[in-house]
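# Observations on the three-dimensional arrangement
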Amino acid sequence: IVFLGPTSQLRRLPAPPSASSARAGWSRWMGRFRTNFLGRSPGVDRQEIVSDSLDFNFEKSRSSKKAFPMVELGTLGALALSVISSVSIVVCNKFLISGLGYHFATTLTCAHLAVTSVFLHVARHLKMFEYKTLEFRPLIIFSVLNGVSIGFLNLSLGFNSVGFYQMTKLAIIPCTVILQMVFYQKRFSNTVKVSLGVLLAGVGIATVTDLQLNFVGSTLSICAVVTTCVSQIWTNTMQKRYSIGSTPLLYLSAPYQAATLLIIGPPLDHMLVNQTVLDFEYTPTVTAFIILSCCIAVSVNFSTFLVIGKCDAVTYQVLGHLKTMLVLGFGFVVLQNPMSARNLFGILVALIGMVAYAHNNERENQASKAKAQLEQSKVDVESGK
């Protein structure tokens, strides 16, 4: 259903009597696949599908009402892909770092982005997405900022307690909301703010244990929060400003992000671990899990850009806290980690906040879409007169 759309549309398609109509059906199928999973805006998708399809009239006759479920399925697919891939890579990296002693997190992230860049390069040559160009200056600033934000997050974890690091991650949502309200004139209703507050309270109860403050760690945490918020907001705004999909943007920025982390990663890891990445003994097991982590990271990076492009930075952070709750649940159920009443209560409160945010955010999105359609209809009527 996710790939082909509603079954009612399938019943309206006639059986292909010839090779030409079979090619037309294949072209339409690939167009829908790109619409749902490669992160393009609805308007651009529709135009590109028309240009790729052999049956122009079929695509041109599709109404926006029929196309809407396709876009929603794509969003749900992106959210599901992000959750599954992120939880998987957390489990893989936890064993790699805690079980096998590979503590070079920033260098590992560099490898993730390098493998992602290679994968997308192959995908481009297979014409799985449309290549687009972007101005070099905003691209390099965006890429370097993403790499620096990863470095600050790892430094924050290295110079702070685990509890304070969790507080740093919780601060990303309110900081993102403030930045969007101040610099992008985006408005959040009181119900959405209350939902986010409930969510953050639940995550804080479930994850924050000790809070040990120090000046260097606090400064690094502030830098991590600001750079992460700005980079995630830009991921969304750049896709809209330059009319570029999530996949082409990731394809263009991944090499520069990898290069940034290649420069800052090894020295930063050496400072945190007191060992260079070249001094580590790479056994076959360690190598296998590094390769597995890089393969999962392709899906993580792809879904990250896709979710932020289809939704926004706040929704992506809410999704990130859902992943945290799932990882905690995985530890309690599968790894038999001890679970206290506080952990359970925090998870329940966080889930209530997530459900409330999803409901209120969707209601506001529907209201804004209805308002935009009403204004557009008024414009069409006035222009017709």
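Residues numbered from 1 in each chain as written. Predicted model: local features only at pLDDT ≥ 70, side-chain atom pairs only at ≥ 80, totals over all residues. Heavy atoms only, no water.

## Describing the overall build of the chain
Of regular secondary structure, the chain possesses 15 helices and zero strands. Counting every position in the chain, which comprises 385 residues, the buried fraction comes to 44%. Restricting the contact set of the chain to residue pairs at least 6 apart, pairs at least 24 apart contribute 86%. Total accessible area on the chain stands at roughly 19800 Å², and carbon and sulfur atoms take up 68% of it. (Helix = DSSP H or I, 4+ residues; strand = E, 2+ residues; numbered from the N terminus. Buried < 20%, exposed > 50% of the residue type's maximum accessible area, 1.4 Å probe, protein only. Contact = heavy atoms within 4.5 Å. Areas by Shrake-Rupley, 256 points an atom, 1.4 Å probe, with all protein chains shown as cover.)

## Here we look at the state of the cysteines
Tallied over the entire structure, the rule returns zero disulfides. You can see Cys110 has no disulfide; the closest cysteine sulfur is in Cys294, sitting 9.4 Å from it. Judged by its relative accessible area of 10%, Cys110 falls in the buried class. Note on Cys295: no disulfide assigned, nearest cysteine sulfur contributed by Cys294 at a separation of 6.9 Å. Under the relative-accessibility criterion, Cys295 is labelled partly exposed at 49%. (Disulfide = S-S within 2.5 Å.)

## Things to note about helix H9 (residues 172-183)
Taking 1.5 Å per residue as the helical rise, H9 with its twelve residues ought to reach 16 Å, and the 16 Å between its terminal C-alpha atoms agrees with that figure. All buried positions along H9 are accounted for by Ile172, Ile173, Cys175, Thr176, Val177, Leu179 and Gln180. Positioned one or two residues after H9, Gln185 has a phi angle of 55 degrees, which is positive. (Expected span 1.5 Å × (residues − 1).)

## Examining unusual backbone geometry
One non-glycine residue with positive phi stands out, namely Gln185, at about 55 degrees. With respect to the helices and strands, Gln185 occurs in the loop between H9 and helix H10 (190-207). For Gln185, a relative accessible area of 54% gives the class exposed. Despite not being glycine, Asn274 shows a phi value in the positive range, around 60 degrees.

## Brief notes about the nonpolar core
Judged by nonpolar contacts, the single largest core of 18 residues is most densely connected at Leu134, Leu249, Leu250 and Leu252. Among the elements of the structure, helix H6 (105-125), helix H7 (136-159), helix H12 (246-273) and helix H13 (284-310) are those that each provide at least two residues to this core. With five residues, the top contributor of residues to this core is H12. Excluding anything up to four places from it in sequence, Leu250 contacts Thr116, Leu120, Asn301, Phe302 and Phe305. Counting residues in hydrophobic clusters, the runner-up holds 17 residues, among them Ile173, Val177, Leu196 and Ile347. (Core = buried A, V, L, I, M, F, W, Y, C linked by side-chain atoms within 4.5 Å.)

## Considerations on the environment of His121
Within the fold, His121 resides in helix H6. C-alpha of His121 to C-alpha of Tyr251: the two residues are 130 residues apart in sequence and 7.2 Å apart in space.

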